[in-house]
Amino acid sequence: MDQGFPQSGYTQEQVDEMNQQLNQTRSQRVRAAMFPETLDEGLEIPSTQLDPAQPTAVQRLSEPSQMLKHAVVNLINYQDDADLATRAIPELIKLLNDEDQVVVSQAAMMVHQLSKKEASRHAIMNSPQMVAALVKAIANTNDLESTKGAVGTLHNLSMHRQGLLAIFKSGGIPALVKLLSSPVESVLFYTITTLHNLLLHQEGSKMAVRLAGGLQKMVALLQRNNVKFLAIVTDCLQILAYGNQESKLIILASQGPLELVRIMRSYDYEKLLWTTSRVLKVLSVCSSNKPAIVEAGGMQALAMHLGHPSQRLVQNCLWTLRNLSDAGTKIENLDNLMQGLVQLLGSTDVNIVTCAAGILSNLTCNNQKNKVTVCQVGGIEALVRTIIAAGDREEITEPAVCALRHLTSRHPECEVSQNAVRLQGGLPTIVRLMHPPSRWPLVKAVIGLIRNLALCPANHAPLRENGSIPRLVHLLIRAFQDTQGVSTLTRGGSRGSTSQAAGSYADGVRMEEIVEGTVGALHILAREGHNRAIIRGLSVIPIFVQLLYNEIENIQRVAAGVLCELAADKEGAAMIEQEGATAPLTELLHSRNEGVATYAAAVLFRMSEDKGGEYTKRLSQELKSSLYQRGQEENLWGNDHMAPADLQEVLGQVDSVYGQGPPSVASGPRTYTHPGYDGLPVEELQGMGIGSHPGSTYGQVQDMDMGGHQGFDTDMPQPPQDNNQVAAWYDTDL
């Protein structure tokens, strides 16, 4: 070994000297690793590390040693802080209660410094007397430094559940609410964040803030311009307003909707827009706030953010718009909103598509301008694609079908729309939606859409080829039997066999509505000869004749209308007469509803064409007498329903039968008028405040049991067990 050293350049003496030096500095190397701060500056310690990538054993000890040392130091300091605070607190309480404001100010600042350290903070919150002294200092002092120190301390305490409880029990909320009037930015920040923490985590805080007048002061703070501050204020408002009608009305009385809409228009800070949209969403289910938000331009302001990359913001804007949309059917300047909604129909998020379809359904209801706008931006095509893609998702298909129903009637572009549904390949899917597993609200909407689509002659053949007529007849027969008490279904209470059931509901849809809708659709389809032949072959004419006796005028009118079309063929006229229609039709000549009377006259004339002049002359005189008695000889005939030649001689040509008239069979908001089926928009989603019905969009929808019921086909929507059952939402008429 000795022989090897000279070859390496080291003598034996040098090696011995190096070993001795390493032994002497061993303790220094350990000290350098574990307690580097104890070494003298400039001291050089020889390294034993041969490979830079391989630390020595002592070096590997360095990091855990430092961590252990810091933990021990912190423990010692923590105990020192706790001991110091515990000893100082009684003295500080006395100083905080001193009459000298300078003393109070100094004490408050000292307590604030103590509250920045965890140990002393716990000591403060464990002393009810200290927290009470801080609250008293806030309430009684006008000194800015005292207020800053005291509220800053409460802010630090509010980070802990125990601190929140201490503040609440000491009556801190009224004192904090009072501070919301402070002109000082730092005081306001401490105050609002402390109140926010209380509202989030301390039971009883909401009521205490309301009673202290916090809502009015928070609404006033919306005029400030610090976005992070505003985000906390709006979140406080949302917490206070959710589920509390009185709070919503206080916000309204304080001009809250106006300020909230201004914020949505003025800022681009995502968190603020999100928290503000949540407040608007909670307010949008309040019937008093809803018009105020709409009048303030809320719908246009919310529409500005539909293209935002934040999904949570878009979703909240849509929920709010969905709730507002039934109050916004007459609002102008919604072109951007309409375009944005049509684009959102292409989203992959089910909730977004559902909301967009629902808003389109409401805003196109009885609003010609919106209908035209939606058609011009590709709305028909987008809705058809949505319906096809949605399959059996009724939360999407139902509002989408309702929107299409509105877009296919009563506006300058409606004929283009009726054609576009066919050209987009929508007819097979639409007809399929009248079949299981569709439930009654969807079936009812589809029936109305088919009625509108049938107004376009080019749709008659494809509607026929897709089997719409037999299905409409089948639905009519089942609904008719249900209204007549023929069905053997057991319902709560007895039912007379001869009189009509009073309002048989299924999923919120009355069977009388299905009767009226199906007959109305068949009426339009019967304008075409092939369709009339199919209807004649389905043994449904006896039901049409029975419906002439119905007490609901709109049902009388559609029944007389379909018979009028069927009587255009001799075979049809003969079948109608064989079913004993002459007596009820003659009675209906005296109906107060001019539409009913006119259709009845038309059917009678068509049935009398082979009977000679005397019968026709007598009929003409009776009709003319009836009409003159009412002074309604005008305004009876529509251009699309020309009277037979004989009747034209008596009456001359007049205007549309599908005009005004009494409300339909639906009760409450479920009313509608002809021609074309729009009606009333959907009510808002109740309880759509944050956290309610997560994932729900169209209200509560119960699963439908398709199990067999005696006397009721299993291919029909399930009827209710309770006649008072009403669907969670309902869109307009057929």
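Residues numbered from 1 in each chain as written. Predicted model: local features only at pLDDT ≥ 70, side-chain atom pairs only at ≥ 80, totals over all residues. Heavy atoms only, no water.

Peer 1: Would you explain the overall build of the protein in this entry?
Peer 2: Looking only at helices and strands, one finds 39 helices and two strands in the protein. The buried share among the 734 residues of the protein stands at 53%. Relative to all contacts within the protein whose residues are 6 or more apart in sequence, the contacts with residues 24 or more apart total 72%. Only carbon and sulfur atoms are counted for the fraction: they give 52% of the accessible area of the protein, which is about 32300 Å². (Helix = DSSP H or I, 4+ residues; strand = E, 2+ residues; numbered from the N terminus. Buried < 20%, exposed > 50% of the residue type's maximum accessible area, 1.4 Å probe, protein only. Contact = heavy atoms within 4.5 Å. Areas by Shrake-Rupley, 256 points an atom, 1.4 Å probe, with all protein chains shown as cover.)

Peer 1: I'm lost on the packing of aromatic side chains in this one. Help?
Peer 2: For the structure on display, the rule yields one aromatic pair. Ring centres 6.2 Å apart and planes at 50 degrees place the aromatic pair F189 and Y190 in the tilted group. Its relative accessible area of 39% is what places F189 among the partly exposed residues. The ring of W274 carries R278 above its face, with NZ or CZ at 4.7 Å from the centroid. (Phe/Tyr/Trp six-rings, centres within 6.5 Å; stacked < 30°, edge-to-face > 60°. Lys NZ or Arg CZ within 6 Å of the ring centre and 35° of its normal.)

Peer 1: Would you take a moment to explain helix α13 (residues 214-221) for this structure?
Peer 2: In an α-helix, one turn spans 3.6 residues; hence positions three or four apart end up facing the same way. Three or more residues of α13 are buried, namely G214, L215, M218, V219 and L221. Angularly, the buried residues of α13 cover 155 degrees about the axis, an arc narrow enough to put them on a single face. Close packing links the buried residues of α13 with α10 (172-179), α11 (185-201), α12 (205-211), α14 (227-241), α15 (245-253) and α16 (256-266). (Arc of directions from axis to C-beta.)

Peer 1: Would you mind going over the pattern of salt bridges with me for this structure?
Peer 2: Proximity of charged atoms lets side chains of opposite charge pair with each other. With the rule as written, the count across this model stands at 15 salt bridges. Look at the salt bridges and you will find they share partners, linking R532, R536 and D569 into a network. (Salt bridge = Lys/Arg side-chain N within 4 Å of Asp/Glu carboxyl O.)

Peer 1: What am I meant to see in unusual backbone geometry here?
Peer 2: Trans is the common state for peptide bonds, and a negative phi is the common state for residues other than glycine. For the bond from P436 to P437, the omega torsion is 5 degrees, close enough to zero to count as cis. Within the secondary structure, P437 sits in the loop between α27 (427-432) and α28 (440-453). In this model, N333 sits at a positive phi of 60 degrees, which is unusual for a non-glycine residue. Positionally, N333 belongs in the loop between α20 (311-324) and α21 (335-344).

Peer 1: How do you make sense of the confidence of the model for the protein when you look at a structure like this?
Peer 2: Parts of the model with low pLDDT should not have their predicted coordinates read in detail. Within the protein, residue pLDDT values average 81, and 72% of them lie at 70 or more. Taken together, the stretch residues 487-502 has pLDDT below 50 and engages in 34 contacts with residues farther than four places along the chain or on a different chain. Every residue in residues 683-734 scores below 50 in pLDDT, and together they form 166 contacts with partners more than four places removed in sequence or on other chains. (pLDDT = per-residue confidence, 0-100.)

Peer 1: Explain the nonpolar core here, please?
Peer 2: Here is a general trend for soluble globular proteins: nonpolar side chains tend to be buried in one another's company. One finds M218 and F544 to be the most contacted residues of the largest nonpolar core, which totals 179 residues. If we ignore the near neighbours within four places in the chain, the residues touching F544 are L476, V519, L522, I535, A559, V562, L563 and L566. (Core = buried A, V, L, I, M, F, W, Y, C linked by side-chain atoms within 4.5 Å.)

Peer 1: Would you mind going over helix α7 (residues 128-140) with me for this structure?
Peer 2: Taking 1.5 Å per residue, 13 residues should reach 18 Å; α7 reaches 18 Å between its end C-alpha atoms and fits that length. Of all the positions in α7, only M130, V131, A133, L134, V135, A137 and I138 are classed as buried. (Expected span 1.5 Å × (residues − 1).)

Peer 1: I'm lost on the side chain of N550 in this one. Help?
Peer 2: Of note, N550 is situated in the loop between α33 (541-547) and α34 (553-566). Judged by its relative accessible area of 6%, N550 falls in the buried class. At 2.8 Å, the side chain of N550 forms a polar contact with the backbone nitrogen of I552. (Polar contact = N/O pair within 3.5 Å; in protein donor to acceptor, adjacent residues only side chain to side chain.)

Peer 1: What should I look at first to understand the environment of L475 in this one?
Peer 2: Residue placement: L475 occurs in helix α30 (residues 468-484). Taking the C-alpha atoms as reference points, L475 and M434, 41 residues apart in sequence, are found 8.7 Å from one another.

Peer 1: Help me understand the packing of helix α17 (residues 270-283) against α20 in this model?
Peer 2: Working note: a packed helix pair is described by the angle between its axes plus the distance between those axes. Following both chains from N to C, one finds α17 and α20 inclined at 25 degrees, their axes separated by 9 Å at the closest point. With respect to their mutual orientation, α17 and α20 come out roughly parallel. Here α17 and α20 pass one another in a crossing that is left-handed. On the side of α17, the interface is formed by E270, K271, L273, W274, S277, R278, L280 and K281, while α20 contributes R312, L313, N316, C317, W319, T320 and N323. Of the residues belonging to the contact of α17 with α20, the class tally is six nonpolar, four polar and five charged. (Axes fitted to C-alpha atoms, helices over the stretch in contact; angles between N-to-C directions. Parallel < 35°, antiparallel > 145°, perpendicular 65-115°, else oblique. Left-handed = near helix turned anticlockwise from the far one by under 90°. Nonpolar A, V, L, I, M, F, W, Y, C, P; charged D, E, K, R; others polar.)

Peer 1: Got a minute to help me understand the environment of S417 in this structure?
Peer 2: As for its position among the elements, S417 is in helix α26 (residues 414-423). Given a relative accessible area of 2%, S417 falls into the buried group. In this structure, the C-alpha to C-alpha distance between S417 and L453, residues 36 residues apart in sequence, is 8.7 Å. Not counting residues within four places of it along the chain, the set of residues in contact with S417 comprises C375, I380, L407, T408 and H411.

Peer 1: Where do I start with the packing of α7 against α10 in this structure?
Peer 2: At their nearest, the axes of α7 and α10 sit 9 Å apart, and the two run at 35 degrees to each other. You can see that α7 and α10 cross each other, and the crossing is left-handed. On α10, the residues touching V135, I138 and A139 of α7 are G172, A175, K178 and L179.

Peer 1: Got a minute to help me understand the environment of L547 in this structure?
Peer 2: Looking at the element boundaries, L547 is found in helix α33. Taking relative accessible area as the criterion, L547 reaches 2% and is therefore assigned buried. Taking the C-alpha atoms as reference points, L547 and V515, 32 residues apart in sequence, are found 9.1 Å from one another. For L547, the residues in contact, after removing those within four places along its chain, are L476, F480, V515, V519, I555, Q556 and A559.

Peer 1: What am I meant to see in the side chain of Q418 here?
Peer 2: Here Q418 shows up in helix α26. Judged by its relative accessible area of 2%, Q418 falls in the buried class. When sequence neighbours within four positions are dropped, the list of residues in contact with Q418 reads T408, N452, L453, L455, C456 and N459.

Peer 1: Mind showing me how you'd approach the state of the cysteines here?
Peer 2: Here a disulfide denotes one covalent bond, and it connects the sulfur atoms of two cysteines. One pass over the structure, following the stated rule, counts zero disulfides. No disulfide involves C375; its sulfur sits 8.7 Å from that of C414, the nearest cysteine. Residue classification places C414 among the buried positions, given a relative accessible area of 15%. (Disulfide = S-S within 2.5 Å.)

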